[in-house]
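Results of the structural survey
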Amino acid sequence: MTQCVRIGIIGGGLMGREVASALSRWFVLDQYPTRAELVAVCDVAEPQRDWFRQVPGVKLVTADHRVLLESSEVDMVYVAVPHHLHEAIYLDVLRAGKDLFAEKPFGIDLRAARTVHEAARRSGRFVRCSSEFPFFPGAQRADQVARAGGLGKLLEIRSGFHHSSDLDPTKPANWKRQVPTCGEIGVMGDLGMHAVHIPFRLGWHPRRVYAQLQKIYHERPDGKGGRVSCDTWDNAMLYTDVVIDGAEVPMRLELKRLAPGETNSWFIEILGTDGGVKYSTKEPKTLWTFQRGKEQSWQRTELGFQGPFPTITGAIFEPGFPDCFLQMWAAFLAERAGILGDRFGCVTPEEAVRSHELFAAALQSHAEKRAVELD
Ligand SMILES: NC(=O)c1ccc[n+]([C@@H]2O[C@H](COP(=O)([O-])OP(=O)(O)OC[C@H]3O[C@@H](n4cnc5c(N)ncnc54)[C@H](O)[C@@H]3O)[C@@H](O)[C@H]2O)c1
């Protein structure tokens, strides 16, 4: 009989619902060896709890995450709550003896990330952190092109994630705009993990960072007729040096809440003297590869729908956010079951801590207006 993993969600907001969506169409995965079922949900807000009551299979809906963690019907837990709650709830999940799929940034700061990492190591539970964009077919191909080599001497790497809805000053603030709930690292905590996942997996770890951080709107509507101050970093440009094949290569990480015209644009570009590769979710099917022969050419390849885990979706169809999210979950559960093989895996606790080390150094760099060395 096919094994079934019973999943609980703590935090049923934007991302908790995305997980419900992914798990509800698990059958899209073709011949995937295990089933995955959402069985329990916790949220402190009644409207969120109410939404989950319509989701088939959900048996337990609670406002107290300890009730969910006590349930013997739950095998593993996904947590998507504001950043100041990550550490306490992640530690509770581990103490309850459950495996953990954590949301980024894996704690509000470096100290919290290190504490969770250490607890995860001691618990022996399977723990990974969310970052779905590398599971787009084009992102996978960019990773493979970089891995295959043959790009000549690497010239530069650019990896980033751009949003634009914050250009609108009338957009109300939420917990993501305030340091106590989002963290001092601001936009780096929101978008940074997405930008470093592939570079870190390729072994490209910044040696030093020079950061330019911007706060753009200092105040926003509070959604209740008043105004509230917004003190998190909105845009971050991290100019880093990585060592690849013995040479220092510039790697620029661009994390922006205010990037004109960009709606959730995740991208990576890797350029060398002989070859290169570019992919952006703005053109979700399209991979650009560079070749230097007698003439130089940028080739456009229409990839279609080819995630690491086969699906029933037509090969010529376009991939979107829910698809890469489902692929990420397939990778998580495959790795948990020991069957990931050589496929791309989710962010490890070590990588999450490394990202926090980079963001902490970026804060220092910006404050001191100098490049900061990383170990
Ligand atoms: N992977 C991605 O692409 C992605 C995208 C957006 C957000 N995120 C991350 O997901 C996490 C949540 O973000 P979101 O956008 O879903 O936020 P959200 O505000 O939409 O949802 C958070 C939910 O947590 C609930 N909550 C608060 N305290 C709680 C508690 N003590 N117990 C249970 N529930 C509680 C809130 O009521 C809310 O419904 C953050 O870590 C964020 O960085 C990831």
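This section reports on the structure supplied with the text. (Residues numbered from 1 in each chain as written. Predicted model: local features only at pLDDT ≥ 70, side-chain atom pairs only at ≥ 80, totals over all residues. Heavy atoms only, no water.)

1. Points about the packing of aromatic side chains
Summed over the entire model, instances satisfying the criterion amount to 19 aromatic pairs. For the ring pair Phe290 and Trp298, a centre distance of 5.3 Å and an interplane angle of 50 degrees mean the geometry is tilted. Where Trp329 meets Phe332, the ring centres are 5.8 Å apart and the plane angle is 55 degrees; that geometry is what we call tilted. Of this pair, Trp329 and Phe332 both sit in helix H9 (residues 321-336), 3 residues apart, which is roughly one turn of the helix. The class of Trp329 is buried, set by a relative accessible area of 0%. Site record: aromatic cluster; members linked through ring pairs are Phe133, Phe136, Phe161, Trp266, Tyr279, Phe321 and Phe325. Looking at Arg201, its charged tip hangs above the ring of Phe344, at a distance of 5.3 Å from the centre. The ring of Trp233 carries Lys215 above its face, with NZ or CZ at 4.4 Å from the centroid. (Phe/Tyr/Trp six-rings, centres within 6.5 Å; stacked < 30°, edge-to-face > 60°. Helix = DSSP H or I, 4+ residues; strand = E, 2+ residues; numbered from the N terminus. Buried < 20%, exposed > 50% of the residue type's maximum accessible area, 1.4 Å probe, protein only. Lys NZ or Arg CZ within 6 Å of the ring centre and 35° of its normal.)

2. Describing the packing of helix H8 (residues 187-201) against helix H10 (residues 349-368)
It is at 10 Å that the axes of H8 and H10 come closest, and there the two elements cross at 120 degrees. Taken together, the axes of H8 and H10 are oblique relative to one another. Like other packed secondary-structure pairs, H8 and H10 cross with a definite hand, here right-handed. Together, Met188, Gly192, Met193, Val196, Phe200 and Arg201 of H8 and Glu351, Ala352, Arg354, Ser355, Leu358, Phe359, Ala362 and Leu363 of H10 make up the contact between the two elements. In terms of residue class, the contact of H8 with H10 is made up of 9 nonpolar, 2 polar and 3 charged. (Axes fitted to C-alpha atoms, helices over the stretch in contact; angles between N-to-C directions. Parallel < 35°, antiparallel > 145°, perpendicular 65-115°, else oblique. Left-handed = near helix turned anticlockwise from the far one by under 90°. Contact = heavy atoms within 4.5 Å. Nonpolar A, V, L, I, M, F, W, Y, C, P; charged D, E, K, R; others polar.)

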